[in-house]
Amino acid sequence: MKAKLAIGSAVLAAIVIAFVFVMGKRTQNESHHSHELAAQETAPAIEVETVQAKFLSVPERQNFTGTVASSLTADVSAKVMGKVIAIYAREGDRVQAGQVLVQLDNSDLLAQVRQAEAAVAATRAALSQAIIALDIQRTQSQTRIEQARAELNQALEQLSIVKEGARRQEKAQADEGVRQAQAAYERAKEAVKMAEVELQQAREGVKQAEAAFEAAKQQLDLMREGYRKQQIAQAEAAFKQAEANLKVAQATYERFKPLAEEGVITKQRFDEIVLQLESAKAQYESAKAQLSMMREGFRSQEVRQAEENVRQAEAALRIARERVRMAESAYNERLSALKQAEAALKAAEQQRDLVYEGARKQEIRQAEERVKQAREGLKMALAAAKEVDIKAEQVRMLQAQLRQAMASLAAAQVQLSYATITAPFSGVVVKRHVDPGDMASPGMPLLTIVDPSSFRLEVTVPESAMKFIRIGDVVSITVDALGQTVNGRIYEIVPSADPVSRTFIVKISLPQVKGLMAGMFGRAEFKTGEIKGIFVPESAVWREGSLEGVFVIEGEKAVKRVVTTGKKLNDLVEILSGLNEGELVVKKVDDRLRDGMKVRIAQH
């Protein structure tokens, strides 16, 4: 009980002491405040600038971050598989559009081009021969039809003469018919002789082509196995033989050229002579090259060339054999034409004799039989003319094959060009992905190039702000690494949001700025709406701890008033509460200002 009384007495004593202390402090503060009021009443008025609190609609702006990127970036990659032989650009090098950057191994592609060229040459030669054969067949068919029609007309005239008897005019016509038949017979004999010569030359061409083919094979074997003295001697002999053949072909060409110009021989015959001269020249050059290679040695490229020569020689052999077949066909046709001319001559002579001697029953039957045979011959000639269509179809087929071969050659050339990789545009190499010796595959990046003349800022913007952003808007861009602020223009908005962050990518074009590089950090300031409310300059707001307020002009005094601030926009501060529209506030807080101090408004 005594302990409790002691504790109560101590608490009561403490309360009394605290009350006395508080009352003394309050009295001291009131006295200090009274002294301050008295000092303010007697202190001179401070001159201040004022501003009126206004209700404004101020644009709201927000900053969003982004990354600087080049407007034009490309990963230069290979289109074909190949070993990287050389790289002509390093990281940081400037390159021009079309400049060679990477070279791949193109030996296989080059061989394919050579093979395609050989196929085109062989097909073109076969097509030329087929066109010549078509012209010959067309001419022969037309001649045969005309001869058959002439034979039928002569047979009909002869039958008429036999039946009606001869007149003076008919005798003259019969004599003229014999002369014409005799002339046709002589021409047919000359054509047969020429066909024999052409056949002999064609067979000789086959022998030459076979020799060239064997020589090409031997040359290839020699290049693969190496040369011996005996083989070099054989090459020298082949060269001399080719030189002699060239001289013979040149002499033949010079001998027949005037005849062709005068029209004594056909254009087809002269073309064959020209072809023989070109073939002799080719054989001469081939023998010369072979002899030189045997004497000087050879490289792997020469071996591939020798293999190509074998293929070309084989194609030339096929062409020469086709010429022999055509020459034999032409010879047989001309021989048949000779027989027909001989028969026509005999028939003309018989017709002349009938005209002079008169007709007998047996002669009339013979004339009728001749008419029948002539009609059958005309039918056969017309039927044989269909061979022209067959040869024309062969020409069309070879033309298609030539187009296909040329397309294959073009494709091989394009594939060859893929081995040389060039810059798609002018720019700077920022990344090298391969080294010489690496194997490149289609689509594999080799180098990365960017265009340093044009950059953009890719900014991530939340979907809540997208309704305020339009293509063409000008925005302020700050690049911290450069310490510069520039204006950019929105030129693209990616029309798809990130489903996780709900943000869009906005692309802003940037002006040329020295030192700007891809990957730098940047901030863009966007207008994202408007704020409506009461605003005062930020300089008018005073802050004491967590309190904010302004000095309001009431009469001749500046009175402190606590306010609630909102958003800051540039140099303005939004006042949410504590201030009414139209009230005057001190524009800039002065450290000398005190609550209730007299002020004098500056006049402007």
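Residues numbered from 1 in each chain as written. Predicted model: local features only at pLDDT ≥ 70, side-chain atom pairs only at ≥ 80, totals over all residues. Heavy atoms only, no water.

**With respect to the environment of alanine 524**
Next, step 1: Structurally, alanine 524 is set in strand E16 (residues 521-537).
Next, step 2: Separated by 462 residues in sequence, alanine 524 and glutamine 62 have C-alpha atoms that sit 8.2 Å apart.
Next, step 3: Those residues in contact with alanine 524, other than ones at most four positions away along the chain, are Gln62, Asn63, Phe64, Leu457, Val459, Ser476, Ile477 and Ile508. (Helix = DSSP H or I, 4+ residues; strand = E, 2+ residues; numbered from the N terminus. Contact = heavy atoms within 4.5 Å.)

**Concerning the sheet that holds strand E8 (residues 420-422)**
Next, step 1: Ordered in space as E8-E7-E5-E10, the four strands form an open sheet in which the pairing is antiparallel. Of all strands in the sheet, those with a lone pairing partner are E8 and strand E10 (439-440), marking the two edges.
Next, step 2: Of the strand pairs in this sheet, strand E5 (residues 82-87) and strand E7 (residues 100-104) are connected by three bridges, and their pairing is antiparallel. Residue pairing in the sheet places valine 84 in a bridge with leucine 104 of E7. (Pairing = 2+ DSSP bridges.)

**Here's the deal with the packing of aromatic side chains**
Next, step 1: Taken as a whole and assessed by the stated rule, the structure comprises three aromatic pairs.
Next, step 2: Ring geometry for phenylalanine 64 and phenylalanine 526: centres 5.8 Å apart, planes at 45°, overall tilted. Placement of the pair is phenylalanine 64 in strand E3 (residues 54-70) and phenylalanine 526 in strand E16, with a sequence separation of 462 residues. Phenylalanine 526 matches phenylalanine 64 in its accessibility class, with the two residues each being buried.
Next, step 3: Lying across the ring of tryptophan 542, lysine 560 places its NZ or CZ 4.8 Å from the centre. (Phe/Tyr/Trp six-rings, centres within 6.5 Å; stacked < 30°, edge-to-face > 60°. Buried < 20%, exposed > 50% of the residue type's maximum accessible area, 1.4 Å probe, protein only. Lys NZ or Arg CZ within 6 Å of the ring centre and 35° of its normal.)

**Quick notes on the side chain of arginine 334**
Next, step 1: Mapped onto the secondary structure, arginine 334 falls in helix H6 (residues 300-357).
Next, step 2: Residue classification places arginine 334 among the buried positions, given a relative accessible area of 17%.
Next, step 3: In contact with arginine 334, other than residues within four places in its own chain, are Ala191, Val192, Met194, Ala195 and Glu198.

**A closer look at the nonpolar core**
Next, step 1: Residues Leu101, Val102, Leu104, Leu447 and Ile449 are the most contacted members of the largest nonpolar core, which totals 37 residues.
Next, step 2: Counting residues per element, the ones that place at least two in this core are strand E4 (73-77), E5, E7, helix H2 (107-164), helix H8 (386-417) and strand E11 (445-450).
Next, step 3: Sort the elements by how many residues they give to this core and H8 lands first, with nine residues.
Next, step 4: With residues near it in sequence (within four places) discarded, leucine 104 still touches Ala78, Val80, Gly82, Lys83, Val84, Ile85, Tyr418, Ala419, Ile421 and Ala440.
Next, step 5: Counting 25 residues, the second largest nonpolar core, distinct from the first, contains Ala195, Ala202, Ala209 and Leu317. (Core = buried A, V, L, I, M, F, W, Y, C linked by side-chain atoms within 4.5 Å.)

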